[in-house]
Amino acid sequence: MEAAQEYLKEQNEFDDNDEPSSLPFNSPFRSTRLHIQRSNVCSRAYFVVVMVFFHVYILNVIALLLYVHYNNGPGDLVSGDGGSSAADSDNGKSLPHPAPSSRELHVEDYSQSFSLPRIEGIRVGHVQRVSLVPDKTHEMKTLSLKPLLFEIPGFLSEEECRVVVQLAQLKGLMDSQATASSQEQEESNQPLLSLSTEEVFSLLDLNQDGLLQKQEIVSHSHSQDGTWLSPDNLRQILTGLESCPTGMLTLGDFRHVYDVSQHPGQEKSGKLHSQFKQRSKHTWLFQGPGSHRVLRTLRNRVTSLTRLLSALVELSEPLQVIRYEHGDFSNSHYDSSPSNSETTCAHTRLAGNTSALTEVPCRYLTVLFYLTSVEEGGESTFPVADNRTYEEQALVQDGVDLTDTQETCSRGNLRIKPTAGTVLLWYNHLSDGRGWMGELDEYSLHGDCPVRRGVKWVANSWINVNPDYQQQARYQRVVAQRHQAKSGMDYQSLSHSDLHQDL
C-alpha cells in the first residue's frame, strides 16, 4: 500500500514539473484553448462595431423626428381636425385623414391656439395618396417646390362641378375689377381739385393747431372721402412725418414732404412689372350653415386636405367663383400681401392695427378648383416657379413683361391646363420655422392665360391667417366673444360673412 502511494506521488510530481509541449495528449487541449481566446477577441470587436452602427441609426431616427416636428409645428399633433403632415412614400399607402367634425363649432374652437401644418412636397413629381372621402383615395402630385404647389385630379365630381356653376349663375356674377391702361391710370391719379400746399395742410390738420400729427393722416386714410390725395401720397407724407424728430410736421416741413409725394416717379422707377389687370366675372358663395350641401362638403374636404383647424377654415373668405369667357385673362399677381407696419389684415380688422393706412388680404394658402375643362387657352401660369433665385428685374426679358399674360403666357416656367374636377393647392407664404406663417413667397406669382376657345369656370378657396400670431389670437378671442353674444340665436356658429356684417 505504501509502495502504491509513493508511486502516485512521484507521478504527480512528474506531471507538475514536465513542460506541456512534452506531453502529446496535452497539445490538442492547448491548441483549442488558444483558438477560443482568439474567437473571444473577434466577438468583442464585432460587438463594438454593431453597437456603433446601432447608435448612429438611433441618432438618425431622432434627428428625423425633430425635423418633422419643427417643420410642421406641434399643433398638428394635437389638433383634432388635422392629420399627420408627414409625406407618404411611393408605395401606394394612403395618408389617413380624419373626417371633419360634423358638430357645430363652439366658443373654445374659436379661442384655442393652434399652429399651421404644411404638406411636404418632397420633390417635383412626387405622388402622395390622400384619403379625403370614404372608400376613395386621391393622388396628390407635387408640381413645384417654389412655391409649394400640388395638383389633385378628381377632387370634385362632375355633379359637384355642375352644382357650383349653377349656384354661381343663380347668385349672379359681376365684372371683376380691372386696372385701367397706363394712360388711363395716370389720368385717374390726377386730383379732381386743384389745391395749394397750404390748403392741403389745413385739410389734414383736423384740430387746426398748426402741426400735422400721425393720427390726423391716418384718420384721413380711413375716411376715404376725397380723391385729392392718393394712398401713395399719404404714405409718402407719413414717411416724412416719421422721419421728423418731433413726430409732427409744421407747414414748412410739410411743403417739402408734399412736393416729394407729388413726384414719386424717381422712387418708383425700379418697379418693373405692371399693375394687376384682369377681365372676368365673379361672385361669392357662402359655405356656412344653411348653404347648399355641396358647398359645405367642399369646405369640409378642404379642411381635410389642408389639415388645418376647422375654425380657421370656417372664418375664412367665402368661395369665389369666376367665369372667363373668350379673351378673358388675369395678369400675374399674388393672392396674399407682404406684412408691414402700414397695413393690417382685412379679415382681422376687428382686432387689427388701427394706425395702419390700408387693409390687405392675408391668405396663407390658395385652393383653386377647376369647374370646367377648356378647349384652348386658359392655363394657370406660374412665371417664376422653381427659379433658382427671384429678382424683380428678371420679370422683364427683351423688353417684355412676363407678368403680362396676354403677351407672354407661353413663356411662364409652369403652366397647368384646366381640367374639370382637378384642384390646385399652393402656399402663398413661407413657414417661419416655428409652425406659423412667414414671409410672402415671391415664387407664388401666378396668373391666368387668355381663353382662346370655350369657357373657363374656376373657384378660389382662400384660408385667411394673420402673420402676426398675437393679432390672430386676439381675433380668435373676439370671435369667441361675438359667439357668446349670439348664443341666443337659432344657429350656434359664426361665419366670415356674419362677423363682418356686424363690423
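Structure first, text after, so check above.
Residues numbered from 1 in each chain as written. Predicted model: local features only at pLDDT ≥ 70, side-chain atom pairs only at ≥ 80, totals over all residues. Heavy atoms only, no water.

**Observations regarding the overall build of the protein**
Per the secondary structure count, the protein includes 16 helices and 25 strands. A total of about 27,200 Å² of accessible surface is found on the protein, and carbon and sulfur atoms cover 53% of it. (Helix = DSSP H or I, 4+ residues; strand = E, 2+ residues; numbered from the N terminus. Areas by Shrake-Rupley, 256 points an atom, 1.4 Å probe, with all protein chains shown as cover.)

**So, the side chain of N331**
Along the chain, the position of N331 falls in strand β11 (residues 329-333). At 3.2 Å, the side chain of N331 and the backbone nitrogen of T405 are in polar contact. (Polar contact = N/O pair within 3.5 Å; in protein donor to acceptor, adjacent residues only side chain to side chain.)

**Section: the state of the cysteines**
Chemically, a disulfide is nothing more than a covalent bond linking the sulfur atoms of two cysteines. In the structure shown here, the tally under the stated rule is two disulfides. Covalent S-S linkage joins C409 and C449, the inter-sulfur distance amounting to 1.4 Å. With C409 in the loop between α14 (405-408) and β19 (414-416) and C449 in the loop between β23 (446-448) and β24 (451-453), this residue pair connects regions lying 40 residues apart in the sequence. For the residue pair C409 and C449, the accessibility class agrees, reading buried in each case. Sequence-ordered numbering of the bonded cysteines in the protein yields a pairing of 1-2, 3-4. (Disulfide = S-S within 2.5 Å. Buried < 20%, exposed > 50% of the residue type's maximum accessible area, 1.4 Å probe, protein only.)

**So, the packing of aromatic side chains**
In this description, an aromatic ring pair is defined by two values, namely the gap between the centres and the angle between the planes. Under the counting rule described, the total for this entry stands at six aromatic pairs. Between the aromatic rings of W284 and W462, the centroid separation amounts to 6.3 Å while the plane-to-plane angle is 50°, which identifies the pairing as tilted. Separated by 178 residues along the polypeptide, W284 in strand β9 (residues 281-285) and W462 in strand β25 (residues 456-464) bring together distant segments of the chain. The class for W284 is partly exposed, based on a relative accessible area of 28%. The ring of W462 has R363 lying over it, and the distance from NZ or CZ to the ring centre is 3.6 Å. Taking the ring centre of Y324 as reference, the NZ or CZ of K456 above it sits at 4.9 Å. (Phe/Tyr/Trp six-rings, centres within 6.5 Å; stacked < 30°, edge-to-face > 60°. Lys NZ or Arg CZ within 6 Å of the ring centre and 35° of its normal.)

**Side note on the sheet that holds strand β16 (residues 380-382)**
Strands sit in the order β8-β11-β23-β16-β19 across an open sheet of five strands; the sheet is antiparallel. Looking at the sheet topology across the chains shown, the edges are occupied by β8 (278-279) and β19. As defined by bridge partners, β16 adjoins β23 across two bridges and the pair is classed as antiparallel. Bridging from a neighbouring strand, S380 pairs with D448 of β23. (Pairing = 2+ DSSP bridges.)

**Some points on unusual backbone geometry**
Note that the residue after K146, namely P147, is joined by a cis bond; omega there is 0°. Its location among the elements puts P147 in the loop between β3 (136-145) and β4 (148-152). If you check the backbone angles, D135 has positive phi at about 60° while not being a glycine. Relative to the assigned elements, D135 resides in the loop between β2 (127-133) and β3. Look at R307: it is not a glycine, yet its phi comes out positive at around 60°. Looking at R307, the relative accessible area reads 2%, which means it is buried.

**Re helix α12 (residues 293-306)**
With 14 residues, α12 should reach 20 Å at 1.5 Å per residue; the first-to-last C-alpha distance of 20 Å fits that figure. A large share of α12 lies buried, amounting to ten of its 14 residues. Among the residues making up α12, those that are buried are V294, L295, L298, R299, R301, V302, T303, S304, L305 and T306. With its phi angle positive at about 60°, R307 sits one or two positions after the end of α12. (Expected span 1.5 Å × (residues − 1).)

**Considerations on the pairing of β4**
Burial analysis of β4 places five of its five residues in the buried class, which makes it a mostly covered element. Residues L148, F150 and I152 line one face of β4 and the alternating positions L149 and E151 line the opposite face, and both faces are buried. The pairing of β3 with β4 spans four bridges and is antiparallel. Its bridge partner being in β4, K141 is matched across the sheet by E151. Pairing of β4 with strand β20 (residues 423-427), which is carried by four bridges, proceeds in the antiparallel orientation. Bridge pairing in β20 links I152 to V423.

In short, the description is geometric, and any link to function would need to be established separately.
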